[in-house]
Amino acid sequence: MKRVTKLLSVLAAGAVFMGALTGCGGGSKGADGDTIKVGGLLEMTGGSASFGISGKNGIDLALKKINEKGVLGGKKLSLVVADTKSEASEATNGMQKLISQDKVVAVIGPNQSSAVIASGAINNGAKVVDITPMGTNPDVTVDPKTKQVKPYSFRTCFIDPFQGTVMASFASNELKVKRAAIYIDNTSDYAKGLAQFFKENFVKNGGQVVIEEAYLQKDTDFKSTLTKIKAAQPDFIYIPGYYQEVGLIVKQAREMGITVPMAGGDGWDSAKLPEIAGKAALENTFFSSLYSPDDTSDLNKEFVAEYKKAYNTNPDVFAALAYDSTLLVAKAIEDAGSADPAKIAEAMAKIKGFKGVSGEVTFNEQHNPIKSAVIIEHKDGKQTFKTKVNP
């Protein structure tokens, strides 16, 4: 997931930091006595704060489980958090601090793909693993210019092409719609990527995209554009954005008498969405995700019970994926037999058949896991499991 915030200037800053960090050993001093430091680079404030707060909850719950036994003969993992403020530039600053100042041996986060891509210049230059729970853009783990895999970048989620394809198939085969409108956040590569793959596959399935419109991050009045969309008479609207704007779009669309089904990606996954849109407005809306708390696996049942006990609510996808990401870091440290960041990276790349609450993880050559997707439907303001789509 991601937002583009002055990305070119951020990457330029990252290149400067790379020179300073390369070869410094990064988090090689992160093992201090009986404690090993890991970083959490998360959206704790800003427009996507619910992502980071849920993620930290998942990390904390995983660390509690890990530290009951410890790693490497009983060492405890200790979390150091840096706030991205939901901005790519702040993510870069946070990564630099975690590695050069806090001396972490691995980093979990961010969730927004633009932030992961920007800060990736830092952790790859310093040779310290970063694993993003929810950064879905392909460029997170593969350099788009060289097509080379970034050796220290990993993810716990599927990638945008699969997610866009999943919703196109669901719209065509399950909802039986033929005429789609696409309404995207024009500041977000995440939204653009999902829209591209949705459109390609929806058209392949025999559908027609009758109108494409865009909005900007932090817009609040969408009625003018929604009027254009309504006039195009779609029978489905795809809105691959984030919950803040999506909630207002859905609310205003329903107020204008637009009753067709609407759908998006995992950026919809927030407890804040019903508060913004209203329960009634969210009826007949869907989104693709990697996780549902209604999954009936024993691992997930145990996780949901522990999460509800700790936080008095069901976990969302950000909590679940951050939980699994933390367990993967612990496994890589154990498999490496060392807290040395380079050895952790080698061990991470070799992980196969890891069973997490969000599904099984085996990393492919691009450091991506092959995972199933779920479709979530809103009913009476609550998320309900609709179906699962396998790769």
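Each remark here, short or long, concerns the structure printed above.
Residues numbered from 1 in each chain as written. Predicted model: local features only at pLDDT ≥ 70, side-chain atom pairs only at ≥ 80, totals over all residues. Heavy atoms only, no water.

K.L.:
Describe helix α2 (residues 49–69), and please don't skip the residues or the numbers.
P.N.:
Relative to the 30 Å expected for 21 residues at 1.5 Å per residue, α2 spans 31 Å between its end C-alpha atoms, a close match to the ideal helical length. Phi turns positive, to about 85 degrees, at G70, one or two residues after α2. (Helix = DSSP H or I, 4+ residues; strand = E, 2+ residues; numbered from the N terminus. Expected span 1.5 Å × (residues − 1).)

K.L.:
Go over the sheet that holds strand β14 (residues 373–379), please, and point to the residues and values.
P.N.:
What links the strands of a sheet is backbone hydrogen bonding, and the strands pair in either a parallel or an antiparallel sense. Taken together, seven strands build an open sheet; the order of strands is β8-β7-β9-β10-β11-β14-β15 and the sheet is mixed. The sheet terminates laterally at β8 (208–215) and β15 (382–389), the two strands that pair on one side only. Across this sheet, the average inter-strand angle for adjacent strands is 25 degrees, counted without regard to direction. Two elements, strand β10 (residues 262–264) and strand β11 (residues 285–289), share three bridges in a ladder whose sense is parallel. Following the sheet pairing, M262 is matched in β11 by T285. This element, helix α7 (residues 223–231), spans β7 (179–185), β8 and β9 (236–238) of the sheet and lies at about 175 degrees to β8. (Pairing = 2+ DSSP bridges. Axes fitted to C-alpha atoms, helices over the stretch in contact; angles between N-to-C directions. Contact = heavy atoms within 4.5 Å.)

K.L.:
Requested: an account of the packing of aromatic side chains, with residues and values cited.
P.N.:
The geometry of an aromatic ring pair comes down to the distance between the two centres and the angle between the two planes. Summed over all chains, the structure comprises 17 aromatic pairs. Grouped by ring-pair contacts, the aromatic residues F51, Y190, Y242, Y243 and F318 constitute a single cluster. (Phe/Tyr/Trp six-rings, centres within 6.5 Å; stacked < 30°, edge-to-face > 60°.)

K.L.:
Give me the lowdown on the pattern of salt bridges, citing residues and values where you can.
P.N.:
The final tally for this structure, using the stated rule, is nine salt bridges. Note that K199 is salt-bridged to E212, the shortest N-O span being 2.6 Å. In this pair, K199 is assigned in helix α6 (residues 189–204) and E212 in strand β8, connecting sequence segments 13 residues apart. K199 gets classed as partly exposed once you look at its relative accessible area, which sits at 32%. Among the ionic pairs, D295 bridges to K388, the shortest N-O distance being 3.5 Å. Placement of the pair is D295 in the loop between β11 and α10 (298–311) and K388 in strand β15, with a sequence separation of 93 residues. With relative accessibility at 41%, the residue K388 sits in the partly exposed group. (Salt bridge = Lys/Arg side-chain N within 4 Å of Asp/Glu carboxyl O. Buried < 20%, exposed > 50% of the residue type's maximum accessible area, 1.4 Å probe, protein only.)

K.L.:
Residue-level account of the pairing of β11, with values.
P.N.:
A large share of β11 lies buried, amounting to five of its five residues. Burial of β11 is two-sided: the residues T285, F287 and S289 facing one way and the residues F286 and S288 facing the other way are all buried. Two elements, β11 and β14, share four bridges in a ladder whose sense is antiparallel. Within β14, the residue paired with F286 across the bridge is E377.

K.L.:
Please set out a negative patch on the surface residue by residue, giving values where relevant.
P.N.:
A contiguous patch of negative charge on the surface is contributed by E68, D298, E302 and E306. With three residues, the top contributor of residues to the negative patch is α10. Tracing the backbone shows E302 in helix α10. (Patch = residues over 30% accessible without salt bridge, like charges linked within 9 Å, V, L, I, M, F, W, Y side chains within 5 Å. Areas by Shrake-Rupley, 256 points an atom, 1.4 Å probe, with all protein chains shown as cover. Lys, Arg positive; Asp, Glu negative; His and termini not counted. Charge placed at Lys NZ, Arg CZ, Asp CG, Glu CD.)

K.L.:
Describe the side chain of S48, listing the residues and the values that go with them.
P.N.:
With respect to the helices, strands and loops of the structure, S48 is situated in the loop between β2 (35–42) and α2. Separated by 3.0 Å, the side chains of S48 and Q112 make a polar contact. (Polar contact = N/O pair within 3.5 Å; in protein donor to acceptor, adjacent residues only side chain to side chain.)

K.L.:
Explain helix α12 (residues 341–349) residue by residue, including any values.
P.N.:
Every buried residue of α12 is accounted for by P341, I344, A345, A347 and M348. Mapping the buried residues of α12 onto a view down its axis gives an arc of 165 degrees, with all of them on the same face. Elements in contact with the buried residues of α12: β5 (129–132), β6 (153–155) and α11 (317–336). N-capping of α12 is provided by D340, with a side-chain oxygen placed 3.2 Å from the backbone N of A342. (Arc of directions from axis to C-beta.)

K.L.:
A description of the packing of α10 against α11 should follow, citing residues and the corresponding values.
P.N.:
When two helices pack together, their arrangement is given by the angle between their axes and by how far apart the axes lie. Running from N to C, α10 and α11 cross one another at 110 degrees; their axes reach a closest spacing of 12 Å. Our classification of the angle between α10 and α11 gives roughly perpendicular. The element α10 and its partner α11 pack so that their crossing is right-handed. In contact with F303, E306 and Y307 of α10, α11 contributes A319, A320 and Y323. Its residues assigned to classes, the contact of α10 with α11 shows five nonpolar, no polar and one charged. (Parallel < 35°, antiparallel > 145°, perpendicular 65-115°, else oblique. Left-handed = near helix turned anticlockwise from the far one by under 90°. Nonpolar A, V, L, I, M, F, W, Y, C, P; charged D, E, K, R; others polar.)

K.L.:
Tell me what's going on with the pairing of β2, and back it up with residues and numbers.
P.N.:
Within β2, six of the eight residues are buried, which leaves it mostly tucked inside the rest of the structure. In the sheet, β2 pairs with strand β4 (residues 106–108) via two bridges, with the strands oriented parallel. Across the sheet, G39 pairs through a bridge with V107, a residue of β4.

K.L.:
So what about the environment of S288? Which residues, and what values?
P.N.:
Looking at the secondary structure, you find S288 in strand β11. Between the C-alpha atom of S288 and that of M167, which follows or precedes it by 121 residues, the distance is 6.5 Å. Apart from residues no more than four positions distant in its own chain, S288 is found in contact with Q163, V166, M167, G264, G265, D266, V374 and I375. There is a polar contact of 3.0 Å between the side chain of S288 and the side chain of Q163.

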